[in-house]
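The chain contents come next:
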Number of protein chains: 8
Amino acid sequence: MDANRLKALLEQVRAGAVTPDDALEQINTLPFEELGFAKVDHHRAVRVGVPEVIFGPGKAPEHFLEIFTRLAERGNNVLATRGSEEQVALTLARFHMAEHNQLARTLVLRQNREKLGKGIIGIISAGTSDIPVAEEAAVTADVMGNDITRLFDVGVAGLHRLLSHSKELRQARVLVVCAGMEGALPSVVGGLVAVPVIAVPTSVGYGAAFGGIAALLGMINSCASNVSVVNIDNGFGAAYVASLINRI
Amino acid sequence: MDANRLKALLEQVRAGAVTPDDALEQINTLPFEELGFAKVDHHRAVRVGVPEVIFGPGKAPEHFLEIFTRLAERGNNVLATRGSEEQVALTLARFHMAEHNQLARTLVLRQNREKLGKGIIGIISAGTSDIPVAEEAAVTADVMGNDITRLFDVGVAGLHRLLSHSKELRQARVLVVCAGMEGALPSVVGGLVAVPVIAVPTSVGYGAAFGGIAALLGMINSCASNVSVVNIDNGFGAAYVASLINRI
Amino acid sequence: MDANRLKALLEQVRAGAVTPDDALEQINTLPFEELGFAKVDHHRAVRVGVPEVIFGPGKAPEHFLEIFTRLAERGNNVLATRGSEEQVALTLARFHMAEHNQLARTLVLRQNREKLGKGIIGIISAGTSDIPVAEEAAVTADVMGNDITRLFDVGVAGLHRLLSHSKELRQARVLVVCAGMEGALPSVVGGLVAVPVIAVPTSVGYGAAFGGIAALLGMINSCASNVSVVNIDNGFGAAYVASLINRI
Amino acid sequence: MDANRLKALLEQVRAGAVTPDDALEQINTLPFEELGFAKVDHHRAVRVGVPEVIFGPGKAPEHFLEIFTRLAERGNNVLATRGSEEQVALTLARFHMAEHNQLARTLVLRQNREKLGKGIIGIISAGTSDIPVAEEAAVTADVMGNDITRLFDVGVAGLHRLLSHSKELRQARVLVVCAGMEGALPSVVGGLVAVPVIAVPTSVGYGAAFGGIAALLGMINSCASNVSVVNIDNGFGAAYVASLINRI
Amino acid sequence: MDANRLKALLEQVRAGAVTPDDALEQINTLPFEELGFAKVDHHRAVRVGVPEVIFGPGKAPEHFLEIFTRLAERGNNVLATRGSEEQVALTLARFHMAEHNQLARTLVLRQNREKLGKGIIGIISAGTSDIPVAEEAAVTADVMGNDITRLFDVGVAGLHRLLSHSKELRQARVLVVCAGMEGALPSVVGGLVAVPVIAVPTSVGYGAAFGGIAALLGMINSCASNVSVVNIDNGFGAAYVASLINRI
Amino acid sequence: MDANRLKALLEQVRAGAVTPDDALEQINTLPFEELGFAKVDHHRAVRVGVPEVIFGPGKAPEHFLEIFTRLAERGNNVLATRGSEEQVALTLARFHMAEHNQLARTLVLRQNREKLGKGIIGIISAGTSDIPVAEEAAVTADVMGNDITRLFDVGVAGLHRLLSHSKELRQARVLVVCAGMEGALPSVVGGLVAVPVIAVPTSVGYGAAFGGIAALLGMINSCASNVSVVNIDNGFGAAYVASLINRI
Amino acid sequence: MDANRLKALLEQVRAGAVTPDDALEQINTLPFEELGFAKVDHHRAVRVGVPEVIFGPGKAPEHFLEIFTRLAERGNNVLATRGSEEQVALTLARFHMAEHNQLARTLVLRQNREKLGKGIIGIISAGTSDIPVAEEAAVTADVMGNDITRLFDVGVAGLHRLLSHSKELRQARVLVVCAGMEGALPSVVGGLVAVPVIAVPTSVGYGAAFGGIAALLGMINSCASNVSVVNIDNGFGAAYVASLINRI
Amino acid sequence: MDANRLKALLEQVRAGAVTPDDALEQINTLPFEELGFAKVDHHRAVRVGVPEVIFGPGKAPEHFLEIFTRLAERGNNVLATRGSEEQVALTLARFHMAEHNQLARTLVLRQNREKLGKGIIGIISAGTSDIPVAEEAAVTADVMGNDITRLFDVGVAGLHRLLSHSKELRQARVLVVCAGMEGALPSVVGGLVAVPVIAVPTSVGYGAAFGGIAALLGMINSCASNVSVVNIDNGFGAAYVASLINRI
């Protein structure tokens, strides 16, 4: 029951067309989503400019396309992550303007290019193998209306590579740092800057890397206080958090 | 070698008092901290107004007091976390103005009450047992110059308690959410707001809670995209990140 | 030795046709399953109307068909879970009336449509990816003679979706709640109802979801007291427990 | 805003004392707990006769007593679990009628002895060391208004002990089974009965028992389909679920 | 119902004093332990000469003494493991002949010195810190009527210590090998002999030894095929298995 | 240096053909395998009648065949486990008499049918899915010269199936018990017999079975004292240990 | 800014062509890699003769070839590890002199055969399945200019195989020991020598070997003090460390 | 049988006093430790100058003193680690010259001050809380005859602290790096130097640091190839390995 419907009901009460008891009954049984709070939820999507997002894995290609189409009709940007070859091909056939980033495994339909972020989001990767995750973050941040800077392959075992970019580091308003193996990069970066660092453990590594657990543990235990962490390989989530920060 | 010393050296080069070769030698062997970059680090502390922080565990009481004293002399706010009874007693004897919060296990010396945060930081706890961690976050956010709102004991098993505070939720610019056991609260809160949520798993729980691992895993796997996570019981770290965000 | 055979033996003892010593020997060496207790086991299957169940993985297709056929001959409902494409095709060729649910990966032969459950079993899923597990639960509950209500895609990050169905939640006599990722939904549902909640962690998620462990831990540590848990992806088991409860 | 208050508001609208717009504002901003749903929550406590429960650990003795007192004033049964010596002593000094069960570590104030359960709840323990957990379950089930049967020390390594009680097993409407070490008892019991079995892993064991993890894993993987599981040592939770089932 | 009672019942049936129907009823409802199988269980204790065993932890001292006394009255050897100081003192005050082994934390009452084992059981420990576990095994094997040889402090990092005892190794009929840290000794011993090796991981070690898990994993993965494993620190269990083997 | 060579050397010393110093040098530098101890190792293989064993995984088919051929030439039985299709086909083409057991994934060449075991080895499996592991144990025990009894599909959730075979259980001299899921069967069997039980956790199960870890933990924590454990799915190892016991 | 450029700047300062202020600005903003420290990094590669290394997984074949080519042009040895079939074929087509070791999965271009190591590196493997990892170590050590000795298949279950090579063990200056399963070999080897032992856990094993975790834990907990450990299957890393030691 | 005894035996053979057969018997049955190999072991201790080491935990104070005394009598340096207050007090009462380092928890008796290491061992700690472990390493390296440099409190979150010591880093021949929390320091250090780095994870940290596991995993997965790892808090072991390297 949205505000209009609720107000109409109250008008009917005032007019005597509905008794207070009947109105009480209607209010008590109406679905929650029609109350004010749920609407806020709806307004939120509009207000914050979050793109509509589709997570590809486990969806039938036709289902994927159908959701993509429905979302596109709302006029917002549409972002699909981790789409399969089949999902992507089917969707590209319909949406010629969609941009497919193979490295990031993203499919994006830009319908709105408003700049919503107020500063620069730095996207950093430790090694070349972490780049797909970092690219997912970059595409997400971009489609959410942010300026971004990429610093790739600046892992801690060759510190000079990172330090030579200290200027870019200091210019960012928030940083997304992707690293696998021991996941030490966010701690080092966190110590060099005075802004929030969103750490993304990646599943890069072998042996006792355990698909990203070692990196996740390293980041959660970071000795730098400005580091918070998202799930393994979750470049999208990190960029989403960074975008919210950059809009403040 | 700070800027002044480096400039003095360059002046000497210009004056012919030092040869370029000798200057080169001096620059190459000077400690890194005296170069520009390290100085930035120093400036950072001043610029962002981060309080000087002491982590109590493992320090001898006299050592604790000595560090506290030295930090206090700089004129900034001083924050000590998890101080032992002995550390706190010794320090309070010297610093009568220091505020000891037993619940949060913090000791604070306020020497600067400038408001640095631009909005409100919401500090939320799932159960009453999570309050010590939430209080550590609240004290930290406060001493770092933020306005805060506390919402305690609003766990997911009694949803109406949380929902009745939807207004406060929506007014916060960033949220710190502390929860133990299954750690579900950040996901629920994350779904209700459009701002960053910093999740703090607490070691509250028993049996298979494993000292906070269950909550940590739950939060890292949150289905809400605006959630990032810090270490178990790390109320300080969460508030630190939130403060950086609130200063943007 | 069933009751009849034992009674016949006792009659022979009374008649003097068998000595007590020989009878003692026979009783001591007869297989346990022929004693009263084992028979209860047999009666139980009949009494509780549990369908005959086949778990597909690891069985040769012909073996699968043979078991299916043998069970079908008893006249009860037959339920096969997680049958392979080959197992299902072979069986459908013989049993044209069997119903194959691709989503739930179930194959059902309905030979008995008696309503055994006394109330409604609510089957709830957090996300669309959890639906296969929820459907396995739904098919199981249905074939065991229950009325069911499905509430799918009502995860905690969009609370209004769940809350708008509070009426259906309150009408159920027992609930099966399937969720992956952080597994928070059973806690939230458990707080909204006064009936038993059977939680099913699903292997949905990525990164640190660890194939359902995060969800399992979350559910075992639920802060709602009316939640108990079954194995990861075990929709069948949850519906089985729910059916027993619904028959009380 | 409870029904009365909301109705009063609607009456004011009808009477013209409040405009629809003002009423709309009031409804949209009133705390959720005063809407219908939250009230249901309140009614639930009354309707299902759940005792008020206090979890002792981490509470100051005076705080413990204060909560106990407040709950007692509502006239319901009060159950406190895992109270410390100090908490219990302080409370007993005020509530002479409270019953302290040292084994179960429970403190109970019976103010209502209505029988709410319709059948018998069987409480089973594998070894003598599991008895504290089983007793917590027994006290909980008792205070929630159920008839109970105790079968203690009937672990699987001496099967005849369990089998000699097959009659009691079959008479129960629902069973709570507590076991540590390998946690095999629920599987065996589950195979002997046709009712729901709530399994409670206990932290009993040593070496690789890992404080109950081995038992928890065993029970979650039970080959008996009528078994669901609660947290390690959570006798209270198991009895709570069993009580809900027994009230159906 | 033991054989005599069952035979008496059958005699009554023959005599016409009990009808077959009444006899059937009695047989069906008699406790299982009185049937033949349970008796076997009883006979087993007698036949195999297993001592009566009490596991100390968690028992009140008076309870401990009471069980000890009751077992002692049967005339068998009594073995108590891991008794507390208080349990042991109380029991020694009553049983002056009981032998307390502080290292092994055992209390033994020898009432039967019959030699039941046919060969020698070798008890081996890797380091001096593993000796308490090895001694528990030694005392257990001794009280179960076996000849034993002790080889202590023969860990793999000083191979010559072990190899210099190759003769004793080869003379044993079965070996119990206790080791902590990496738990490598059973593999090495297993490669040197042609008899069963029972491996006991001990909780000795630090850091990543994880209370015996590293040793347990090492032993379960042993490359020697004649190694089987018992629980961490379970010297009693290993000696129990070894004794059964030595009686064959 | 075998005995003959060493004796020849000593003869040369006696004859004065080699000086004591030169002999000392030769003895000190000769490879260990030629000393007495290593020879014992060789004798052991002959004495205990252990078949030559080849573990298939990771070997090139030609390499597999070559080893098989070399071992066959010694005249002993040859046992290959977990051979690939290709390894087996290649080997069968050369060794027409070899027996391939598809279920157990074994390939056996019987060249010696001497009965070396003195009693019966019971091979027990909990479910039908555990049979491949149990069969590996059965084939191994058979080729090592033992009489065996198979009891398959007697899991704990249908206790009467196991109990009806109590006679076979009691006749075995040692038991191998294979179970997946919660791994409870060895505990139950262990409580019914007075002989050693070798427990084999299998990787059967799903969800939180973790490829056999749950069963492994269950068995290591068995409350029956006569149970020891081998690696997950290691039917060969269990039968090997059982064979050594059965030869005593 | 390398030394030359910095010196040129200083010369300009001396010549008055650049003011000290401008020079200060240039020095403060120049990228770190151009300072002395980074150059050391560059010199290091030259000085220690480390080959240029490419890690194959995750690289497109053309990308792999391109890096290989670029590295080859510097005239150093080039080592590629874990190249895919496609990567290797493409590269071999261009570099006919490159040596492909299928077992070690290495591709090596030798352009420099200088002997850099001063002693012998012993490369030891426990079983035949560990040989690929050991070979990766051997190739790495060889291409880094070391003499090596291979001791393969000398696992602890057949100790005489290892002991017969005591002479080779004692001649090595540093040892790399590769073992899977329980990973006991480094402890045994460590006890026999007085030089550093680099332990490499391998993913060889099954069941509870957990892909090398059991071996890793065993090695980290080694009772031999001269053992340090690298990642699972990381033969390259172990040889790299050993080479650095051998150059001292 | 040492060389002298063996030679004497051979002399007797030559003299005809012992027959070759009798000599053969004696040689075959003599304990291994008396053969050449074991003696090498003994020589090794002398040759490499390893101090005699006592690990305190679990030893009775008198036992501790007795071992200390016995070792001291050999004239070598004696090192005791992790001695309890009682062990240390008792030993100091007898050995007034022994040096007790409270921070490192070491007790050292210097009887030999020969410099055995050829270069400098750098001992580095990330935080102040890691210093006890680093000091244990420093004392060990010192007592084993090495020159050492300490770099304490140079963790990665304040990189300039480490970089300002680049000269000391480059002068060391081998480095021991101690770090807790995320354990990132060895990776960073490893990237700055061209010598072996021995990483020591410490149990410093809280929450998900898991007593050093996070740091251990981080170090094992280090992206720097010159890093190898010892057990958690094992400063002694790291310095032992470093000392062996420094003697080369």
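Being a predicted model, the structure only gives us computed values, none of them experimental.

Colleague: Talk me through the overall build of chain A; I want residue IDs and the actual numbers.
Modeller: The helix and strand tally for chain A stands at 11 helices and 9 strands. The buried share of chain A, reckoned over its 248 residues, is 62%. When the accessible area of chain A is evaluated, it comes to approximately 9,100 Å², of which 50% is carbon and sulfur surface.

Colleague: Tell me about the packing of aromatic side chains, and please be specific about residues and values.
Modeller: Counted under the stated rule, the structure contains 32 aromatic pairs over all chains. Here F55 of chain C and Y206 of chain F contribute two aromatic rings whose centre-to-centre distance is 5.3 Å and whose plane-to-plane angle is 25°, an arrangement assigned as stacked. One end of the pair, F55 of chain C, is in strand β1 (residues 52-55); the other, Y206 of chain F, is in the loop between β8 (197-201) and α10 (213-220), on a second chain. A connected cluster of aromatic rings, assembled from ring pairs, spans F64, F68 and F95 of chain A.

Colleague: For the sheet that holds strand β1 (residues 52-55) of chain E, give the residues involved together with the corresponding values.
Modeller: Residues and elements named next belong to chain E. Reading across from one edge, β1-β2-β4-β3 is the order of the 4 strands in this open sheet, with mixed pairing throughout. The strands lining the two open edges of the sheet, one partner per strand, are β1 and β3 (99-101). Each strand axis lies, on average, 15° off the axis of its neighbour in the sheet, ignoring direction. Relative to strand β4 (residues 106-109), β3 is paired through 3 bridges, and the arrangement is antiparallel. Bridging from a neighbouring strand, H100 pairs with L107 of β4.

Colleague: Explain the sheet that holds strand β4 (residues 106-109) of chain F to me, using residue names and the numbers behind them.
Modeller: All names here are of chain F. In spatial order, the strands read β1-β2-β4-β3; together these 4 strands make up an open sheet with mixed pairing. Edge positions in the sheet fall to β1 (52-55) and β3 (99-101), since each of these pairs with one other strand and no more. If you compare each strand with its neighbour and ignore which way they point, the axes differ by 15° on average. Relative to strand β2 (residues 78-81), β1 is paired through 4 bridges, and the arrangement is parallel. Looking at β2, one finds that F55 is bridged to T81. Along the sheet face, helix α4 (residues 61-72) touches β1, β2 and β4 and points at about 175° away from the line of β1.

Colleague: Explain helix α9 (residues 185-192) of chain D to me, and be specific about the residues and the numbers.
Modeller: For α9 of chain D, the tally of buried residues reaches 8 of 8 residues, placing the bulk of the element in the interior. What α9 of chain D keeps buried is the set L185, P186, S187, V188, V189, G190, G191 and L192 of chain D.

Colleague: Got a sec to walk through the relation of the copies chain B and chain A? Specific residues and values, please.
Modeller: At an RMSD of 0.2 Å, chain B and chain A line up after a rotation of 180° and a shift of 0.0 Å along the axis. Expressed as a symmetry operation, the mapping of one chain copy onto the other fits a two-fold axis. Ranked by how close their C-alpha atoms come to the rotation axis, the residues of chain B are headed by V229 of chain B, at 2.5 Å. A share of 100% of interface residues in chain B that are also interface residues in chain A marks the association as one of identical surfaces.

Colleague: Pulling in residues and values, what's your account of unusual backbone geometry?
Modeller: Outside of glycine, negative phi angles account for most residues, and trans bonds account for most peptide bonds. The phi angle at D153 of chain A is positive, at roughly 65°, despite the residue not being glycine. With respect to the helices and strands, D153 of chain A occurs in the loop between β6 (147-151) and α7 (159-163). Looking at D153 of chain A, the relative accessible area reads 32%, which means it is partly exposed. Phi at R82 of chain F is positive, roughly 55°, even though this residue is not glycine. Position of R82 of chain F relative to the elements: it lies in the loop between β2 and α5 (85-94).

Colleague: Give a description of the pairing of strand β7 (residues 174-179) of chain H that names residues and reports values.
Modeller: All names here are of chain H. Burial of β7 is extensive: 6 of the 6 residues sit out of reach of the surface. Side-chain alternation along β7 places V174, V176 and C178 on one buried face and L175, V177 and A179 on a second face that is also buried. In this structure, β7 lies alongside strand β8 (residues 197-201), joined through 5 bridges in parallel fashion. Directly across from C178, in β8, lies its bridge partner V200.

Colleague: Lay out the pattern of salt bridges with the relevant residues and their values.
Modeller: Counting across every chain of the model gives 48 salt bridges over all chains. With a shortest N-O distance of 3.6 Å, E99 of chain A and R113 of chain A are connected by a salt bridge. With E99 of chain A in strand β3 (residues 99-101) and R113 of chain A in the loop between β4 (106-109) and β5 (120-125), the pair connects residues that are 14 residues apart, well separated along the chain. Two residues, E136 of chain D and R82 of chain D, come together in a salt bridge whose shortest N-O distance is 3.2 Å. Separated by 54 residues along the polypeptide, E136 of chain D in helix α6 (residues 131-143) and R82 of chain D in the loop between β2 (78-81) and α5 (85-94) bring together distant segments of the chain. Accessibility expressed as a relative area gives 2% for E136 of chain D, which makes it buried.

Colleague: With reference to specific residues and values, describe the environment of L169 of chain B.
Modeller: Within the secondary structure, L169 of chain B sits in helix α8 (residues 166-171). With near-sequence residues (within four places) excluded, L169 of chain B lies in contact with I124, L151, L162, L175, V189, L192 and V193 of chain B.

Colleague: An account of the confidence of the model for chain A is needed here, citing residue identities and associated values.
Modeller: The pLDDT averaged across chain A works out to 84; a share of 87% of its residues lies at or above 70. Considering only residues more than four positions removed or in separate chains, one finds that residues 29-48 of chain A, a stretch of pLDDT under 50, has 40 contacts.

Colleague: An account of the interface of chain B and chain A is requested, with residue identities and associated values reported.
Modeller: Counting residues at the interface gives 32 residues for chain B and 32 residues for chain A. Here chain B packs against chain A, burying approximately 2,900 Å² in sum over the two surfaces, 70% of which is carbon and sulfur. On inspection of chain B and its partner chain A, the count reaches 0 salt bridges. Run the count over chain B and chain A and you get 4 residue pairs in polar contact (both at pLDDT 80 or more). Of all the secondary-structure elements, those providing two or more residues to the side of chain B that touches chain A are α3 (36-48), α8, α9 (185-192), α10 (213-220), β9 (227-229) and α11 (235-247) of chain B. Each residue belonging to the side of chain B that touches chain A can be placed in one class, and the counts come to 19 nonpolar, 8 polar and 5 charged.

Colleague: An account of the packing of helix α6 (residues 131-143) of chain C against helix α11 (residues 235-247) of chain C is needed here, citing residue identities and associated values.
Modeller: In helix packing, the relevant descriptors are the interaxial angle and the interaxial distance, both defined with respect to the helix axes. Residue and element names in this part refer to chain C. Two elements in contact, α6 and α11, have axes whose closest approach is 7 Å; the angle formed by their N-to-C orientations is 40°. For the pair α6 and α11, the crossing hand works out as right-handed. In this structure, α6 uses V133, E136, A137, T140 and A141 to contact α11, whose residues at the interface are G235, F236, A239, Y240 and S243. Grouping the constituent residues of the contact of α6 with α11 by class yields 6 nonpolar, 3 polar and 1 charged.

Colleague: Break down the domain arrangement of chain A for me, citing the residues and quoting the values.
Modeller: Interface size, as often reported, equals the accessible area lost upon joining of the parts. Residues and elements named next belong to chain A. Looking at the assigned domains, one finds that chain A contains domain 1 (3-109) and domain 2 (120-247). On the domain 2 side, the residues contacting the 15 residues of domain 1 number 13 residues. Buried area between domain 1 and domain 2, summed over both chains or domains, comes out near 1,200 Å², and the portion from carbon and sulfur atoms is 63%. Where domain 1 packs against domain 2, one counts 1 salt bridge. Connecting domain 1 to domain 2 are 4 residue pairs in polar contact (both at pLDDT 80 or more). Sorting the residues of the side of domain 1 that touches domain 2 by element identifies α3 (36-48), β2 (78-81) and β4 as the ones contributing at least two each.

Colleague: Let's hear about the pairing of strand β8 (residues 197-201) of chain A: which residues, and what values?
Modeller: Residues and elements named next belong to chain A. The buried count for β8 comes to 5 of 5 residues, which makes it a mostly enclosed element. The alternating pattern of β8 places V197, A199 and P201 and I198 and V200 on opposite faces, both of which are buried. Here β8 pairs with strand β9 (residues 227-229) via 3 bridges, running parallel. Looking across to β9, one finds that A199 is bridged to V229. Handedness of the β8-helix α10 (residues 213-220)-β9 crossover: right-handed.

Colleague: I'd like a rundown of the environment of V189 of chain F, residues and numbers included.
Modeller: Residues and elements named next belong to chain F. Relative to the helices and strands, V189 resides in helix α9 (residues 185-192). Along the chain, V189 and L175 lie 14 residues apart, while their C-alpha atoms are 8.8 Å from each other. Leaving out residues up to four positions away in the same chain, V189 has contacts with I124, L162, L169, L175, V177 and V197.

Colleague: An account of the side chain of N221 of chain F is needed here, citing residue identities and associated values.
Modeller: Within the element layout of this structure, N221 of chain F appears in the loop between α10 and β9 (227-229). At 3.0 Å, the side chain of N221 of chain F forms a polar contact with the side chain of N231 of chain E. A polar side-chain atom of N221 of chain F sits 2.8 Å from the main-chain carbonyl oxygen of L217 of chain F. Discounting residues that sit within four places of it in the chain, N221 of chain F has contacts with M181, E182, Y206, A208, A209 and A214 of chain D together with N231 of chain E.

Colleague: For the side chain of S187 of chain F, give the residues involved together with the corresponding values.
Modeller: Residue and element names in this part refer to chain F. In this structure, S187 sits in helix α9. Overall, S187 belongs to the buried group, its relative accessible area being 1%. Within the structure, S187 has its side chain in polar contact with the side chain of S222 (distance 2.9 Å).

About the criteria used
Residues numbered from 1 in each chain as written. Chains lettered and ligands numbered in written order. Predicted model: local features only at pLDDT ≥ 70, side-chain atom pairs only at ≥ 80, totals over all residues. Heavy atoms only, no water. Helix = DSSP H or I, 4+ residues; strand = E, 2+ residues; numbered from the N terminus. Buried < 20%, exposed > 50% of the residue type's maximum accessible area, 1.4 Å probe, protein only. Areas by Shrake-Rupley, 256 points an atom, 1.4 Å probe, with all protein chains shown as cover. Phe/Tyr/Trp six-rings, centres within 6.5 Å; stacked < 30°, edge-to-face > 60°. Pairing = 2+ DSSP bridges. Axes fitted to C-alpha atoms, helices over the stretch in contact; angles between N-to-C directions. Contact = heavy atoms within 4.5 Å. Least-squares fit on C-alpha atoms with pLDDT ≥ 70 in both. Salt bridge = Lys/Arg side-chain N within 4 Å of Asp/Glu carboxyl O. pLDDT = per-residue confidence, 0-100. Buried area = accessible area lost by both parts, 1.4 Å probe. Polar contact = N/O pair within 3.5 Å; in protein donor to acceptor, adjacent residues only side chain to side chain. Nonpolar A, V, L, I, M, F, W, Y, C, P; charged D, E, K, R; others polar. Left-handed = near helix turned anticlockwise from the far one by under 90°. Domains from an automatic or database assignment. Right-handed = clockwise from strand over helix to strand, strands pointing away.

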